[in-house]
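# Inside the fold
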Amino acid sequence: MSCKPTTVPPAEQVDIPALREKYRQERSIRVNSKGQAQYVRPVEDFAAVYEGDPHMPVLPRDPISEDLDVAVLGGGWGGVLAGQALRQAGVKNFRNIDHAGDFGGVWYWNRYPGLSCDNDAYCYLPLLEEMGFMPSKKFTDGFEIRNYCQSIARKYELYENALFHTLVTAMRWDESIKRYRISTDRGDEIRARFVVMANGLLNIPKLPGIPGIHEYKGKMFHTARWEYEYTGGSQENPVLDKLKDKRVAIIGTGATAVQAVPFLGKYAKQLYVLQRTASTVDERKNTPTDPEWVKTLKPGWQRERQLNFHRFAMEMPNVGEHDLICDIWTEINRNLSVQFNEHGWPTSPEDYMAKREVMDYQVMERLRARVDSIVQDKEAANILKPWYRYLCKRPASNDEFYPTFNLPNVKVIDVSKTKGVERMTEKGFVANGVEYEADCVIFASGFEVSSDLDRRWGFDIFEGREGKSIYDLWATEYRTLHGTMTRHFPNLFFNIGFIQGGFASSTTEMYKLYGKHSAWVIAEAQKRGIVTVEPSLEAQDKYVDHVRATAIDISAFSRECTPSYFNNEGEEIVTSKGEKKLRSYTGEAFGPGFYVFEAMLQEWRDKGNLEGLELSHE
Ligand code: NDP
């Protein structure tokens, strides 16, 4: 399977300086000087948004007190793939701990109507060949992903030990027993020799701190805790019939809202879509998996496809390479590679970036024209057009999103001028000076992705050797060996991604690699009778220097983007050296790329001497 380039307006017809200026203006409307402080953690009045579980009852149980070889914090993709790798490496005494009621992570919590994967499922779902599984379609449904994730957990026997509905509240290294003491909201005291942090990126929902949010008396919930009891329907059958007499407002138009809005528009009596920044929404072209295509696949096909996806989405295709993915993520490079074949391939990274920038404007023009071609009301169409460079926000694809705005019961309201919804009242909300009544307000307002770590990880006490807090050590910068371990925290692995490691187009590829790497180190330590492993200061400094020396500087691009979690809402942090830096959700990515990173870790493991780690046998 490969595909043709898209039809975009010719470069000579695109007024790039004018667009650049328009992007700058739109950005300045949206930048909020409060930065991350504009959001609130769902605690106190909103505790149910985070602590409750609308999907299954939280049953009482007795606290556990135990010594454990490995605690894997998380049961989403990171945790399942860490567990799978530990199993493969022969490590036995471990458990996954998660505050969800089952495996699945984001796919456990998020069950909103229309939830499906925006990435090619043949790349995104890991271990397809090992599991003998094939997704039912290119962009597969959320419940299929959840079921598949759970089937991996079953196959690798992760259920036996899993501790669900258990929220970690503190973690401290105890030098006297050479273990982490993990406390939970269930009163557990788990003493783990090794800990794998697999707590994910989209684990903590956030709410906009809209003035008056506490006054609103109607129904409120976050999309990550969808309440079907209120809306009617179910994830598998999203007939939201209980909304037929309800006025509903949804706050946000990110990747989540794009998927949920068509269902709300179809069933609610009235739907208000409160938008601050428009998403790019292309056609979906979701096709069922073709059994004839499946028959053509040769062993190793998934990795080949993932490599192709990675090159087309994030790097540069090889000369003559065809795009196998053929969707929004690969469009720019697909179009460029056709141009390059005709007119010559770029002579330098700068040459490539310059050509890419032009194609970026062309593609964005195409996407804006798409809005006009579908949305009949001119004012609504204008509101829904995105004005920024491609990848400033996560691109979406959906065939029903724009047509929803042609329904008489649906209204999009631009709240960008007030940097978000102006105010909430007892009966509804105020936008642009007008009060609207709403029976229900749904927050599609995203997750804590690039905020301070304690906000993101959700527990206040996280201490290593000598009582050092990770939050203090990493307040302004990460310092790691291989993006997975850090000094002062023996036997601890960060399988989260985006912390000085390689950044893969499929996040699950990243989790798989971290899982394999951490499991290997743990298994080796066990085989060799090593009690603690910890990066030496020298090795860590050397790695950090290497990451920084080879980093690709995307700060100019990020600074020009509209604010979002991609660029820490445009908020700068000051490093220990006094430099101002934008914190990006890609943290400090390993510049030479994910697959170079993967090869580097493989080489390190092949050497077999645990180079750069201080080892203690007692
Ligand atoms: P996002 O953070 O992408 O979007 C949050 C939305 O809320 C934005 O539109 C934001 O506006 C808006 N918002 C925030 N505060 C206010 C306010 N005060 N007033 C009005 N609007 C406000 O969250 P999502 O849940 O949409 O997506 C998060 C991530 O989840 C995605 O980027 C993706 O990684 C993942 N996801 C993945 C899917 C998949 O297919 N695999 C599907 C869905 C989500 P603004 O943009 O102006 O900040």
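This text gives an overview of the structure that appears in the document. (Residues numbered from 1 in each chain as written. Predicted model: local features only at pLDDT ≥ 70, side-chain atom pairs only at ≥ 80, totals over all residues. Heavy atoms only, no water.)

## Comments concerning the overall build of the protein chain
- What the protein chain contains, in helices and strands, is 21 helices and 23 strands.
- Judged by the C-alpha coordinates and their principal axes, the protein chain covers about 70 × 60 × 55 Å.
- Classification of the 618 residues of the protein chain by burial places 59% in the buried group.
- Of all intrachain contacts in the protein chain linking residues separated by at least 6 positions in sequence, the fraction that spans at least 24 positions is 71%.
- Carbon and sulfur atoms make up 51% of the accessible area of the protein chain, which totals about 25,200 Å². (Helix = DSSP H or I, 4+ residues; strand = E, 2+ residues; numbered from the N terminus. Buried < 20%, exposed > 50% of the residue type's maximum accessible area, 1.4 Å probe, protein only. Contact = heavy atoms within 4.5 Å. Areas by Shrake-Rupley, 256 points an atom, 1.4 Å probe, with all protein chains shown as cover.)

## Points about the pattern of salt bridges
- Applying the stated criterion across every chain yields a total of 44 salt bridges.
- Notably, a salt bridge pairs arginine 334 with aspartate 323, separated by 2.7 Å at the nearest N-O pair. One end of the pair, arginine 334, is in helix α12 (residues 331-343); the other, aspartate 323, is in the loop between α11 (301-314) and α12, and eleven residues separate them in sequence.
- A relative accessible area of 7% places arginine 334 in the buried class.
- One network of salt bridges, with partners in common, ties together Arg465, Glu466, Arg487, Glu534 and Glu614. (Salt bridge = Lys/Arg side-chain N within 4 Å of Asp/Glu carboxyl O.)

## Here we look at the state of the cysteines
- Overall, the coordinates contain two disulfides when judged by the stated rule.
- There is a disulfide in this structure between cysteine 3 and cysteine 326, and the S-S distance comes to 2.2 Å. Its torsion about the S-S bond being -100°, the disulfide of cysteine 3 and cysteine 326 is classed as left-handed. Residue cysteine 3 is found in the segment before α1 (16-30), and its partner cysteine 326 is found in the loop between α11 and α12; the two are separated by 323 residues along the sequence.
- Residue classification places cysteine 3 among the partly exposed positions, given a relative accessible area of 28%.
- Judged by relative accessible area, cysteine 326 falls into the partly exposed class, the value being 24%.
- For cysteine 392, the disulfide goes to cysteine 561, at an S-S distance of 2.0 Å. The disulfide joining cysteine 392 to cysteine 561 has a torsion of about -75° about its S-S bond and is therefore left-handed. (Disulfide = S-S within 2.5 Å.)

## So, the sheet that holds strand β17 (residues 440-443)
- One open sheet accounts for five strands, arranged β8-β17-β9-β10-β13; its pairing is parallel. Single-partner strands in this sheet number two, and they are β8 (219-222) and β13 (410-414). Direction aside, the axes of adjacent strands within the sheet are offset by 20° on average.
- Two strands pair when backbone bridges link them, and strand β9 (residues 247-251) and strand β10 (residues 270-275) are joined in this way by five bridges, in the parallel orientation. (Pairing = 2+ DSSP bridges. Axes fitted to C-alpha atoms, helices over the stretch in contact; angles between N-to-C directions.)

## Here's the deal with helix α21 (residues 594-607)
- With 14 residues, α21 should cover 20 Å at 1.5 Å per step; its first-to-last C-alpha distance of 20 Å lies within 8% of that length.
- Among all positions of α21, only Phe594, Tyr595, Phe597, Glu598, Leu601, Trp604 and Arg605 are buried.
- Each element contacted by the buried residues of α21 is listed here: α11, α18 (507-527), α19 (537-549) and β23 (613-616). (Expected span 1.5 Å × (residues − 1).)

These results come straight from atomic positions and should not be treated as a statement about function.
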